[in-house]
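Topology and contacts: notes
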Amino acid sequence: MEGQDCIFCKIAAGDIPSKTIYEDEDFRVILDINPAEKGHALIIPKKHYADIFELPEDIAASAMVLAKKLATHISGVLGCDGFNIIQNNGEVAGQTVFHFHIHLLPRHKGDSNQDTMCWNHVELSPEELEGICQSLRLQG
Ligand code: AMP
Ligand code: ZN
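Residues numbered from 1 in each chain as written. Chains lettered and ligands numbered in written order. Predicted model: local features only at pLDDT ≥ 70, side-chain atom pairs only at ≥ 80, totals over all residues. Heavy atoms only, no water.

Some thoughts on the environment of Ser-112
Formally: Helix and strand assignments follow DSSP, with helices taken as H or I runs no shorter than four residues and strands as E runs no shorter than two, numbered in order from the N terminus. Per-residue accessibility, obtained with a 1.4 Å probe over protein chains only, is compared with the maximum for each type, and a residue is labelled buried under 20%, exposed over 50%, and partly exposed between these values. A contact between two residues is defined here by any heavy atoms of the two lying within 4.5 Å. Throughout this description, a polar contact denotes any pair of N or O atoms lying within 3.5 Å of each other; where both atoms belong to protein, one of them has to be capable of donating a hydrogen while the other can accept it, and for residues adjacent in sequence the pair is counted only when both atoms sit in side chains.
Tracing the sequence through the fold places Ser-112 in the loop between strand 5 (102–107) and helix 3 (126–136). Overall, Ser-112 belongs to the exposed group, its relative accessible area being 59%. Residues Ser-112 and Glu-37, spaced 75 residues apart in sequence, show a C-alpha to C-alpha distance of 7.5 Å. In this view, Ser-112 contacts Ala-36 and Glu-37; residues no more than four positions away in its chain are not counted. At 3.1 Å, the side chain of Ser-112 and the side chain of Glu-37 are in polar contact.

Here it is in structure tokens:
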């Protein structure tokens with residue numbers, strides 16, 4: 001799913017019109033077509049990477065710097081009370097467009113997503129917690 005088959009490749013290249021709020025050599029930032037809140041935006045790399053696992057480290061780094069810059073900008077303009085930065089990988093995790101993107105979601109007290117931005121919890125015994133900690137430990 002790349003180039004002609006990928007909607008975000010076409011949007012990033014400017015072949016499909018979008019509500020662009022920022023653009024540089026590596027990224028286009030657009031307003032989401034189906035926003036969860038006013039100002040909901042997407043950071044889209046211009047090159048095609050399906051997900052975070054395909055993303056080169058330099059693009060991953062500059063994407064997060066850009067997320068900070070845009071979150072600060074949008075918060076200032078919209079007078080936000082908070083801000084979600086969300087990034088889904090894989091269908092099971094809620095990804096529907098398989099071209100890496102970061103959601104920028106402005107939040108306000110009493111907005112329409114008060115009850116949706118949460119997740120369920122699983123019960124883990126202390127042994128299970130220790131086991132998962134051991135198996136996930138990575139040398140820094
Ligand atoms: P995700 O579920 O994380 O893959 O997010 C995909 C997002 O892309 C959704 O929030 C969609 O509303 C948004 N989206 C899909 N097509 C377009 C489009 N043509 N222009 C802007 N946003 C889009
Ligand atoms: Zn693409």
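Quick look at the coordination of the zinc ion (ligand 2)
For clarity, the threshold we go by: Excluding water, the donors of a metal are its N, O and S neighbours within 2.8 Å, or within 3.2 Å for Na, K and Ca, and that exclusion means sites may look incomplete. The geometry test gives tetrahedral to four donors whose angles all lie between 85 and 135 degrees, gives square planar to four donors and octahedral to six donors whose opposite members are over 155 degrees apart with all other angles between 65 and 115, and gives irregular to the rest.
Protein coordination at the zinc ion (ligand 2): the donors are Cys-6 (SG), Cys-9 (SG), His-48 (ND1) and His-99 (ND1), at 2.0 to 2.3 Å from the metal. Metal-centred angles of 104 to 117° between the four donor atoms at the zinc ion (ligand 2) mark the site as tetrahedral. Spacing between the donor residues of the zinc ion (ligand 2) along their common chain follows C-x2-C-x38-H-x50-H. Here His-48, found in the loop between strand 3 (41–45) and helix 2 (57–78), pairs with His-99, found in the loop between strand 4 (82–86) and strand 5; they are 51 residues apart in sequence, far enough to count as distant. Taken individually, His-48 and His-99 each receive the classification buried, so the pair is uniform in this respect.

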